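# Inside the fold
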Amino acid sequence: MQKHFFVLLFFVLTTSIVFCGEHTAFERDFAPSESWVKPPESEFRSEICLNGAWLFQGVDVPSDWKYGNGLPPLLGLPSDDGWDETRIKIPSAWNVNTWGNGRDVGEGTPRPYWADSVYYPSYPPRWDGLRMAWMKRSVVVPPYWAKKRYLLHFEAVSGAAEIYVNGKKVGENFGRFLPFEIDVTDAVKVGEANEILVGVRSLRLFDKTSGKYARMKTPYPPGSNMDNINGIWQDVYLLAVPTVRIDDVFVKPFVSRDTLEVEVTLKNESDKPVRANVNGNVFTWTNNADKSNIVTAAEPSWQLDMNVVLTFDNDTPRTVEIQPKQTEVITIKTKVNNKLKLWSMDEPNLYGLITDISADGRKVDTKYTRFGWREFRIVGKELQLNGKAVKLYGDLLHPFGPFISSRRYVMSWYSMVKEMHGNAVRPHAQPHPRIYAELADEMGLAVLAETAMFGSSIQLNFEEPAAWERFTEHYKRLILRDRNHPSVFGWSWGNELFAIFIYDKAITPEQTDVWYRQLTEYGKSGIPYDPTRDWFSCDGDGDFRGTMPVWNKHFGHGTEWRNELPKDVDKPIMVGEQGGTYYARPSQLANFNSDRAYENYRGRNEALAIDVYNNVVENFLGKIINRNLANTTSVPPNLTFFSPAETAWFGLEHLNFGYNDFTRLPNRNDGVFFTKPFEENKPGVQIERLPPYAATFNPGWDKTLPLFKPLPMFEAQKLSLAPTGVKPLPEEYKNGKWGRSVSIMSMESDTVLFLGDTNGELYKRLDTIGTPLRPLDDKISGDAFRRMIVIVDGNTFNGD
């Protein structure tokens, strides 16, 4: 978005500064992470983390290839001598430096006031534009792994991936956000070095532009703000697992029945039938992390208490015959009888389930699963947790950089939500890394997990049959990944799909009906994978023509939207996004604080604060604010979930990481540099640099900055949600006649002074529509200047 400023008043701000000539450094792990194989499993399972410096070879898209035909270019095998001198630090997308504003910003560029997004200064700029590439490394499989099965586990690869081991193609994956595993046993050589080769083509190469519906392009769930990010961006492991093993565990905490039920999927990869016996024990999970500060609190450390809290009834059938190369599912269950403490947002008690499988009289595998004893249910208009109605208030989060993969960042966001007295989050527009649900389990936040069906992209291609298969598979894999997390109370299978039908004018009402039926089927397709939750919704799309158990809408600024809430639905009502944070101009916010909305960013934020405060108090809490407005005596329908859009980015200041010389613009020498030497085979992202102003949370990365700097929008929510009752807003927020229409100064002039390049885009556009422009010259007197409208082109005016 270009920065064009229409200016009537000019302000000069003088700031005292302190200059530090050295880099700001952070010496601990950027993203502290756990290994995949947990300690209780280590007797039978082993791992090698394949994160590290991989060889990289970019592949150019053929010059004669045409975008948008749905036929991606072929990805030929890499050449022996084509590997780049620079190695890629897996996990990271190869074009990770474009995850934001890119490189061509800052001082000396056409965008001098934009923050850069160079997280890996070592990566060559030519990687930024690549849409196909190969990555390679080797791994020695130790001899003691013999007679095991070997699995390649990828937490997430963005693109269409092809995987080879020792020259043999072993599998492929199409997606961006979710894990997948490939059995590579037949290709692996024990005791020798094995070559792992991964080729990736950008999903954008698979786009197919509809001939009839011009906006439709993506026959896959695109997500938000990661549309062009390519490569292995989350952890990779080589796993050694038993031939007869536990393939999956699904914990079903039916609190209302006082029954803990566990569905165990068993796999037999041997050549003979196996009679397997399943057993399970529950232990108390204890967090041992040092919570004295945010730096150490984010570094995982835990244990299971030694005493068994709960075991499964002996009369439960726990033996099953598994044929060669087959899987079987067995369910074990037991009454709890008050032996487990309930999980809630206030008391997030957690347990570890150790599931064992024995074959031929000996134990052959152990699987660890963390869970919480809790049950979310919909009863009429209520969402109930453990039989009691709960009201959820929270925040959503767009993913604007690789810092989203750090536990430190997630814990910071959650700490902010808790500090403003919220209790829920929606990691927005796509599946976020697994750590989001894990930390919510531990910290006590309710999570609405969401797919990458981001309707606001206005690019989803409903014409392609392959698209519907991909939509459904993506949705299923999200549920399978996250369904054991007690924090997850429901599934959002899409976001603002209505936008597609509003903005693509070629879609007829008849075709709309057809696609709504298909989308409804897709939305319901997730239900069989999770019988423990009732909440299935499409965020912003109402109740999807009455087919969903939740009514969910998004609204702009003001409080009058309460009149659009349904009065006659017997289901929970959610407002998942509200406010003018993304779009509202000063003229739209001046109703809240008059001219303050025009003066500066803080004035705008004060207007947002007043708006969110009014909505929390009136439309969420159902209280009355005496503002002499019509309709303030009516109490709105009871909202189950309310969230403004979005506090993490608009309720806090962007932070000047590693930059404090405000006499100049930031440059590539500024930022926080992660000085701990890069480590091979280590879980977690290892970025090189965090640029200034890239984020709003500081979990200790820059010692000179706080965890976050609250703006009025954050403070207003904290005051309105105070546990002891609603607190008043500060008077300085309310310089205008808040909640009432105000008269905004108008001006007419037959000449508009233009400051900037008269050959620039803004000047040409204004001239085209007939704006009477003139450049600054010495013929303009002081009196004439005072009567003029002044337009400043923020991209080209240098202040001279």
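Okay, so let's go over this structure.

Parameters and conventions
Each chain has its residues counted from 1, running along the sequence as written. Owing to the predicted nature of the model, reporting of local features is limited to residues with pLDDT of at least 70; listing and counting of side-chain atom pairs is limited to 80 or more, with chain, interface and lining totals taken over all residues. Side-chain measures here rest on the full set of heavy atoms in the structure, leaving out hydrogens and waters. The cut-offs for exposure are 20% and 50% of the maximum accessible area for each residue type, with area from a 1.4 Å probe on protein chains only; residues under the lower value are buried, those over the upper are exposed, and the others partly exposed. Here a helix means four or more residues in a row that DSSP labels H or I, a strand means two or more in a row labelled E, and each is numbered from the N terminus. One requirement defines pairing of two strands: DSSP has to find at least two bridges between them. Polar contact is the term for a pair of N or O atoms within 3.5 Å; when the atoms are in protein, one must be able to donate a hydrogen and the other to accept it, and sequence-neighboring residues count only if both atoms are side-chain atoms. Note on contacts: a residue pair is in contact if any heavy atoms of the two residues lie within 4.5 Å. Given the number of residues in a helix, its expected span is that number minus one, multiplied by 1.5 Å. Comment: arc refers to directions from the helix axis out to C-beta atoms. Any Lys or Arg side-chain nitrogen located within 4 Å of an Asp or Glu carboxyl oxygen qualifies as a salt bridge. Only Phe, Tyr and Trp rings take part, Trp by its six-membered ring, and two of them pair if their centres are within 6.5 Å. Stacked means planes under 30 degrees apart, edge-to-face means over 60, and tilted covers everything else. Think of it as a cone above the ring: NZ of Lys or CZ of Arg counts as a charge over the ring if it is within 6 Å of the ring centre and within 35 degrees of the ring normal.

Strand β22 (residues 362-371) sits mainly inside the fold: 7 of its 10 residues count as buried. Inspection of the sheet shows strand β21 (residues 351-359) paired to β22 by 9 bridges, in the antiparallel sense. Each residue of the ladder has a partner; that of Y351, found in β22, is F371. Adjacent in sequence and paired antiparallel, β21 and β22 are bridged by 2 residues, among which D360 carries a positive phi angle near 55°.

Its location among the elements puts R483 in the loop between α4 (465-482) and β29 (488-495). A polar contact of 3.0 Å, which involves the side chain of R483, links it to the side chain of D248. Dropping the residues within four chain positions of it, R483 is found in contact with D248, F250, E263, W491, Y529 and R533.

This brings us to helix α6 (residues 509-524). Taking 1.5 Å per residue as the helical rise, α6 with its 16 residues ought to reach 22 Å, and the 22 Å between its terminal C-alpha atoms agrees with that figure. Here α6 has its buried residues at T512, W515, Y516, L519, T520, Y522 and G523. Summarising the axial view, the buried residues of α6 lie within an arc of 155°, below the 170-degree limit, and thus occupy one face. Among the exposed residues of α6, those pointing more than 90 degrees away from its buried face are E510, R517 and E521.

Of note, the amide linkage connecting I90 to P91 takes the cis form, showing an omega dihedral of 5°. Backbone geometry at K325 places phi at a positive 60°, although glycine is not the residue there. Inspection of the secondary structure puts K325 in the loop between β19 (319-322) and β20 (326-335). The backbone of D360 sits at a positive phi, close to 55°, despite the residue not being glycine. Here D360 lies in the loop between β21 and β22.

Further remarks concern the pattern of salt bridges. In the structure shown here, the tally under the stated rule is 46 salt bridges. Measuring nitrogen to oxygen at the nearest pair gives 3.0 Å for the salt bridge that ties D248 to R483. In this pair, D248 is assigned in strand β14 (residues 244-254) and R483 in the loop between α4 and β29, connecting sequence segments 235 residues apart. With a closest N to O distance of 3.3 Å, R602 and E606 form a salt bridge. Note that R602 and E606 are positioned in helix α9 (residues 601-620) at a spacing of 4 residues, about one turn of the helix. Given the relative accessible area of 38%, R602 is considered partly exposed. Taken together, the salt bridges that share partners define one network made up of D29, K676, E679 and K682.

Looking at where E679 falls in the secondary structure, it is placed in the loop between β35 (672-674) and β36 (689-690). We classify E679 as partly exposed; its relative accessible area is 27%. In this view, E679 contacts D29 and Q686; residues no more than four positions away in its chain are not counted.

A word on the packing of aromatic side chains. If you walk through the whole model with that rule in mind, you get 53 aromatic pairs. Taking 5.2 Å as the distance between ring centres and 70° as the angle between the ring planes, the aromatic pair formed by Y213 and W515 counts as edge-to-face. Of this pair, Y213 sits in the loop between β11 (193-201) and β12 (231-232) while W515 sits in helix α6, placing them 302 residues apart in sequence. Across the pair, W515 and Y213 agree in class, each one buried. Three or more aromatic residues joined by ring pairs make a cluster, and in this case those are Y213, F462, W468, F471, Y475, W493, F501, W515, Y516, Y522 and F544. In this structure, R545 is placed above the aromatic ring of Y516, and the distance from its NZ or CZ to the ring centre is 4.1 Å.

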